[in-house]
Amino acid sequence: MTTDLLNIELRKAEKSRLAEVDFNNLPFGKHFSDHMFVADFVDGQWQNPQVVPFDNFSLSPALSSLHYGQSIFEGMKAYKNEQGEVLMFRPLENFRRMNESAKRMCMTTIPEEIFMGGLETLLRVDADWVPGTAGSSLYIRPYMFATDTFLGVAPSKSYRFCIFTCPVGAYYTKPPKLKVETEYIRSAPGGVGYAKCAGNYGGALYPTLLAQQEGYDQIMWTDAVEHKYIEESGTMNIMFYMNGKLVTPATSDSILKGVTRDSILQIARSWGVEVEERKVSIDEVIQGIEDGTLLEAFGAGTAVVVSPYSVIGYKGKDYMLPEVAEENSLSKRVYKFLNDLRTGRVEDTFGFMYKV
Ligand SMILES: Cc1ncc(COP(=O)(O)O)c(C=O)c1O
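What you are looking at is a predicted structure, and each value in this text was computed from that prediction instead of being measured. (Residues numbered from 1 in each chain as written. Predicted model: local features only at pLDDT ≥ 70, side-chain atom pairs only at ≥ 80, totals over all residues. Heavy atoms only, no water.)

What follows is about helix α4 (residues 198-213). The end-to-end C-alpha separation of α4 is 24 Å, in line with the 22 Å expected for 16 residues at 1.5 Å each. Maximum bend of α4: about 35°, positioned at Leu-205, with proline Pro-207 one to four residues after it. Burial in α4 covers these residues: Asn-200, Tyr-201, Ala-204, Pro-207, Thr-208 and Ala-211. Each element contacted by the buried residues of α4 is listed here: β4 (71-73), β9 (177-180) and β10 (218-222). (Helix = DSSP H or I, 4+ residues; strand = E, 2+ residues; numbered from the N terminus. Expected span 1.5 Å × (residues − 1). Bend = angle between axes of the 7 residues up to and from the residue. Buried < 20%, exposed > 50% of the residue type's maximum accessible area, 1.4 Å probe, protein only. Contact = heavy atoms within 4.5 Å.)

Structure representation (structure tokens):
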């Protein structure tokens, strides 16, 4: 059987696993929907796009991505609005960023019809997996890895692109504590920090573990040269509301250009909030907490959406962020607005939502 898009072959699961999932208790990234999309780049062309039951791959021990790291991914979400329609949040931004990552990692790029066609077909087939409960969504994981079988450091000629999805609930249950990292680095000028490549996350695990052993939840990365300027956090860009302005580190080749970050900046500007994208030093942030001019610090990313921090730990000292009056805080207003946009309660004047 083929679907209307792209002649994607569809092989449906014999039995849905939907009934096994408790949609009122959804841990992040543990339940996988019934199907996945797979396409292979072989002999210079994309071949065999198909939606098939979620299942294991059979892979060679010499698979080049396992040895030399040509592996990239994306993370995005779909929601159900109040009419029960499935909507994705800015998927074309993820498509563009995936191809930026592909170029940096010397991988083939993905044509829009493969990325979007695969995504839409998969979401139509697994539409029942998109949660309709408040705070929940369908997390979507597109990824691509090199599939040549050889030893030797060289770009692979073949790749597999795959998309699978997970129904998810809220990411953090309480405001996380951040440790400002001044020893290890995530990325450096000229490096791959702006690419969503697997190695960036592998390299972050050890420093994050050390921070967790000290009682923190996540790391606030600083620049690789001076450890003076703030970059981003685990899977979030970082924003501050200080001196009446929304201030965030300007993106560079060492920071991932977050889709949530861009969306929040657009929304804040439309509300008349002054926005500054520039270098933000950790000294300035600590000073702002101490003199009361910094009211909010929060992370922005697909998984968390908006996540206010409770503590910033710097050089052995914990700085508590003020508990901002609930409804007046910028982060709460933005969070509510994004939620309302996703569920269709406010008009999508930004054109962020993409109906499946
Ligand atoms: C390192 C890093 N920074 C920032 C983000 C936030 O980006 P987005 O808003 O596109 O999810 C992510 C998550 O994708 C990330 O992994």
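This part is about the side chain of Asn-81. You can see Asn-81 is positioned in the loop between β5 (76-80) and β6 (86-89). Apart from the residues within four sequence positions on either side, Asn-81 is in contact with Leu-87, Arg-342, Thr-343 and Gly-344.

Take the layout of surface pockets next. As a volume, the second largest pocket reaches approximately 700 Å³. Contributing to the lining of the second largest pocket are 35 residues, with Phe-73, Lys-196, Tyr-201, Gly-234 and Thr-235 lying nearest its centre. Broken down by element, the lining of the second largest pocket gets its largest block of residues, six residues, from α4. For the lining of the second largest pocket, a count of residues per class yields 17 nonpolar, 13 polar and five charged. Two domains share the lining of the second largest pocket, each providing at least three of its residues, namely domain 1 (9-168) and domain 2 (177-341). (1 Å grid on protein atoms, 1.4 Å probe; cavity = no way out; pocket = protein on both sides within 12 Å on 5 of 7 lines; lining within 4 Å. Points joined across faces, edges and corners; volume = space filled by probe spheres on them. Nonpolar A, V, L, I, M, F, W, Y, C, P; charged D, E, K, R; others polar. Domains from an automatic or database assignment.)

On to the pairing of β5, then. Across the five residues of β5, four count as buried, placing the element largely inside the fold. Two strands pair when backbone bridges link them, and β5 and strand β7 (residues 137-146) are joined in this way by three bridges, in the antiparallel orientation. By the bridge assignment, Lys-77 is partnered in β7 with Tyr-139. In the sheet, β5 pairs with β6 via three bridges, with the strands oriented antiparallel. For Lys-80, the partnering residue across the bridge sits in β6 and is Val-86. (Pairing = 2+ DSSP bridges.)

With that settled, consider the environment of Ser-136. Of note, Ser-136 is situated in the loop between α3 (112-125) and β7. The class of Ser-136 is buried, set by a relative accessible area of 11%. With 180 residues separating them along the chain, Ser-136 and Gly-316 place their C-alpha atoms 36 Å apart. Beyond its immediate stretch of four places on either side in the chain, Ser-136 contacts Leu-26, Tyr-79, Pro-131, Val-168 and Gly-169.

Nonpolar side chains collect at one region of the surface, where Tyr-68, Leu-151 and Val-153 lie side by side and expose about 340 Å² of accessible area between them. Looking at the element boundaries, Val-153 is found in the loop between β7 and β8 (159-168). With a relative accessible area of 73%, Val-153 lands in the exposed category. (Patch = residues over 30% accessible without salt bridge, like charges linked within 9 Å, V, L, I, M, F, W, Y side chains within 5 Å. Areas by Shrake-Rupley, 256 points an atom, 1.4 Å probe, with all protein chains shown as cover. Salt bridge = Lys/Arg side-chain N within 4 Å of Asp/Glu carboxyl O.)

Below, the discussion takes up the site of the ligand. The local shell around the ligand holds 16 residues, among which Tyr-201, Glu-232, Val-259, Thr-260 and Thr-302 are the closest. A distance of 2.4 Å is found between a nitrogen atom of the ligand and a side-chain nitrogen or oxygen belonging to Glu-232. Look at the ligand: alone it shows 390 Å² of surface, and the protein chains cover 98% of it. The cavity that encloses the ligand is the second largest pocket. Among the secondary structure elements, those contributing two or more residues to the shell around the ligand are α5 (259-270) and β15 (294-301). Split into classes, the residues belonging to the shell around the ligand amount to five nonpolar, seven polar and four charged. (Near = heavy atom within 4 Å. Polar contact = N/O pair within 3.5 Å; in protein donor to acceptor, adjacent residues only side chain to side chain. Sits in = over half its atoms within 2 Å of the grid points.)

What follows is about the pattern of salt bridges. Oppositely charged side chains can form a pair if their charged atoms are brought close together. This model, assessed by the stated rule, comprises 19 salt bridges. Across the pair Arg-160 and Asp-40 runs a salt bridge whose closest N-O atoms are separated by 2.8 Å. Here the residue Arg-160 occupies a position in strand β8, and Asp-40 occupies one in strand β2 (residues 35-42), the gap between them amounting to 120 residues. No difference in accessibility class separates Arg-160 from Asp-40, as the two residues are buried. With a shortest N-O distance of 2.8 Å, Arg-345 and Glu-82 are connected by a salt bridge. In this pair, Arg-345 sits in the loop between α7 (330-343) and β19 (353-355) while Glu-82 sits in the loop between β5 and β6, placing the two residues 263 residues apart along the sequence. Salt bridges sharing partners connect three or more residues here, namely Glu-82, Lys-336, Asp-340 and Arg-345.

Okay, the domain arrangement of the chain next. Taken as a whole, the chain is organised into domain 1 (9-168) and domain 2 (177-341). Taking both partners together, domain 1 and domain 2 bury about 1600 Å²; carbon and sulfur atoms supply 60% of that area. Together, Phe-73, Arg-97 and Arg-104 form the three largest contributors to the area buried by domain 1 at its contact with domain 2, with a combined 37%. Where domain 1 touches domain 2, the interface holds one salt bridge. Residue Arg-90 pairs with Asp-262 through a salt bridge whose shortest N-O separation is 2.8 Å. There are ten residue pairs in polar contact (both at pLDDT 80 or more) connecting domain 1 and domain 2. Elements with a contribution of two residues or more to the side of domain 1 that touches domain 2: β4, β5 and α2 (91-104). (Buried area = accessible area lost by both parts, 1.4 Å probe.)

Another point: empty space enclosed by the protein. In this approach a probe as big as a water molecule rolls over the atoms, and the regions it shows empty are the leftover space. All chains considered together, the criterion is met by one cavity of 30 Å³ or more. Approximately 60 Å³ is the volume found for the largest cavity. Together, Gly-75, Met-76, Lys-77, Tyr-79, Phe-89, Asn-94, Val-259, Thr-260, Thr-302 and Arg-342 line the largest cavity. Of all the secondary-structure elements, those providing two or more residues to the lining of the largest cavity are β5 and α5. Looking at the lining of the largest cavity element by element, the count peaks at three residues for β5. Taken together, the residues that form the lining of the largest cavity break down as four nonpolar, four polar and two charged. Mapping the lining of the largest cavity onto the domain boundaries places at least three of its residues in each of domain 1 (9-168) and domain 2 (177-341).

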